[in-house]
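Listed here are the chains, written in short residue letters.
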Amino acid sequence: IINDLNISNESSIIEKLTEANRGPSIYTIDSAQISPDTENAKKILGEDLINTVADNNLIAYEEEHLQTRYKGFFFTRMTTAEIMTHQTNLIKKPLTNLPASLNDIAVQLFKNLVSYMGDRRSSKKEDNHLKKHMRLAMNSPEELKDEVYLQLIKQLTNNPSEQSREKGWTFFSIIASIYPPSMELYYCLIKYLLNIIDGNDDNLKQRANYIAIRLMKTFQNKRRYSPSLVETNYIRVMKPIPVEINFFSGAATTMQVESYTTIRDLKTAVMRKLQLNIERIPYFALYEICYKPNCIEERYLSENLKVCDVISVWDKETEDYKKKGEEITFKIFLKIQLYYNYNPQDIDSVTMHYVQTNFEVIKGLYRLTAEDIVQLAAIQFYINYGNISPDDILRHVSTEIRKYIPCNRLLDINDGQITVEKIIAAYNDNKFTTKLEAKNKYLNI
């Protein structure tokens, strides 16, 4: 896209992205490509893990951990295969041997599962069953999480309903993206999924690839928060989730993340897209900016955070404010957190420093004299408009002067320290030949 833009070579990557993103993002759930995770699980899992799980068997795990169950008038003991077969009626006790204090929760979790899958009629929406399940299971003991995974395997086994199976595999994808089972069951589930990947069902093979990667990533670094509705909608169709990254130039670009993508992963991907020197990663950071009714709050995003956990927090806070009749919005910005030495001819580094410094100047973060402010406003005007006619200069500066003055120095306009005439005079005194030269002058001041 960038190479095809009809923009002069004087434009930085950020400015080209500004041109490429003037309209709304065209990234929609329907137009998005399916996740590459649907076909490369073995490569991501690696030989070491594949060899480790080779001797694990899910049926053997079930036989060791399932509670004894009986059926019929004569109380005949049920086999493992019978216990682990799909059923439409609710269970009355957990599948596994849990502490008594967890029995009722396990039964409720099964109820949420079969309601979500459509095996049980319910007046509630399936997403409400998912929310309740997550609320109960997210911070529960490990043995209860194992119970959930076994309940799910049970409902997928010999399930006659294609629609129910599809929802079951979606549910598997969601919980695998959020919380892991115990190590013992984790190895058994990876082996179970690898068997499907090596099988002949292409549709199920895609889903098994997708889940296996999420299971591994979650086992390595579990999530902190329940998924947002946006995330679960993209998981349902196995597609990456769009996240908008903003720059202080006013540009924005849409990146794609998975449930396991960390802030550091996202930052690295953005820097690669901007063609910034990847060795400068420590100098950059992603920040969350929250626009509230009466203020703007800024927060550094820790690099080990998962991007979708950030989105989950946004979802909850937005809902909380809606209940109060107020609106808030969130944006992620790529920001220089440590200024670094750069070549004055490096247009991308110069522009990154300029747009952030300009943002901070207008926000009032620097102690500047009135003369400095006039000079900076004149340079900013040139960077925005280049060389234009005297009439256009007067019109733009007169109507837009407040966009060029620090927010805490607007009163200086009224007392004559900063005037339209002074800014125009400074603009006319500047003899820049390129915008790159102007940006360097701005940064020097």
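Reading the values: the criteria
- Residues numbered from 1 in each chain as written.
- Predicted model: local features only at pLDDT ≥ 70, side-chain atom pairs only at ≥ 80, totals over all residues.
- Heavy atoms only, no water.
- Helix = DSSP H or I, 4+ residues; strand = E, 2+ residues; numbered from the N terminus.
- Buried < 20%, exposed > 50% of the residue type's maximum accessible area, 1.4 Å probe, protein only.
- Salt bridge = Lys/Arg side-chain N within 4 Å of Asp/Glu carboxyl O.
- Phe/Tyr/Trp six-rings, centres within 6.5 Å; stacked < 30°, edge-to-face > 60°.
- Lys NZ or Arg CZ within 6 Å of the ring centre and 35° of its normal.

1. Considerations on the environment of Asp55
Here comes step 1: Following the sequence through the fold, Asp55 ends up in the loop between helix H2 (41-52) and helix H3 (58-65).
Here comes step 2: Judged by its relative accessible area of 77%, Asp55 is exposed.
Here comes step 3: With 133 residues separating them in the primary sequence, Asp55 and Cys188 have C-alpha atoms 8.8 Å apart.

2. Looking at the pattern of salt bridges
Here comes step 1: Considering all chains together, one arrives at 21 salt bridges under this definition.
Here comes step 2: Of the charged contacts, one joins Glu126 and Arg236 as a salt bridge, the two residues approaching to 3.5 Å between their closest N and O atoms. Of the two residues, Glu126 sits in helix H6 (residues 126-137) while Arg236 sits in helix H11 (residues 229-236), which places them 110 residues apart along the sequence.
Here comes step 3: Accessibility expressed as a relative area gives 24% for Arg236, which makes it partly exposed.
Here comes step 4: Notably, a salt bridge pairs Arg207 with Glu166, separated by 3.5 Å at the nearest N-O pair. Separated by 41 residues along the polypeptide, Arg207 in helix H10 (residues 202-220) and Glu166 in helix H8 (residues 162-178) bring together distant segments of the chain.
Here comes step 5: Several salt bridges share partner residues, and in doing so they unite Glu126, Asp127, Lys167 and Arg236 into one network.

3. Some points on unusual backbone geometry
Here comes step 1: Look at Asn158: it is not a glycine, yet its phi comes out positive at around 55 degrees.
Here comes step 2: Secondary-structure assignment places Asn158 in the loop between helix H7 (142-156) and H8.
Here comes step 3: At Met238, a position not held by glycine, the phi torsion is positive, near 55 degrees.
Here comes step 4: By relative accessible area, which is 8% here, Met238 ends up buried.

4. Some thoughts on the packing of aromatic side chains
Here comes step 1: Tallied over the entire structure, the rule returns 18 aromatic pairs.
Here comes step 2: Ring geometry for Trp314 against Phe330: centres 5.2 Å apart, planes inclined by 10 degrees, an arrangement best described as stacked. Of the two residues, Trp314 is situated in helix H13 (residues 307-323) and Phe330 in strand S7 (residues 329-336); the sequence distance between them amounts to 16 residues. Here Trp314 matches Phe330 in class, with each residue buried.
Here comes step 3: Ring pairing ties together the aromatic residues Tyr149, Trp169, Phe172 and Tyr179, which thus form one cluster.
Here comes step 4: Lying over the aromatic face of Tyr287, Lys335 brings its terminal NZ or CZ to 4.6 Å of the ring centre.

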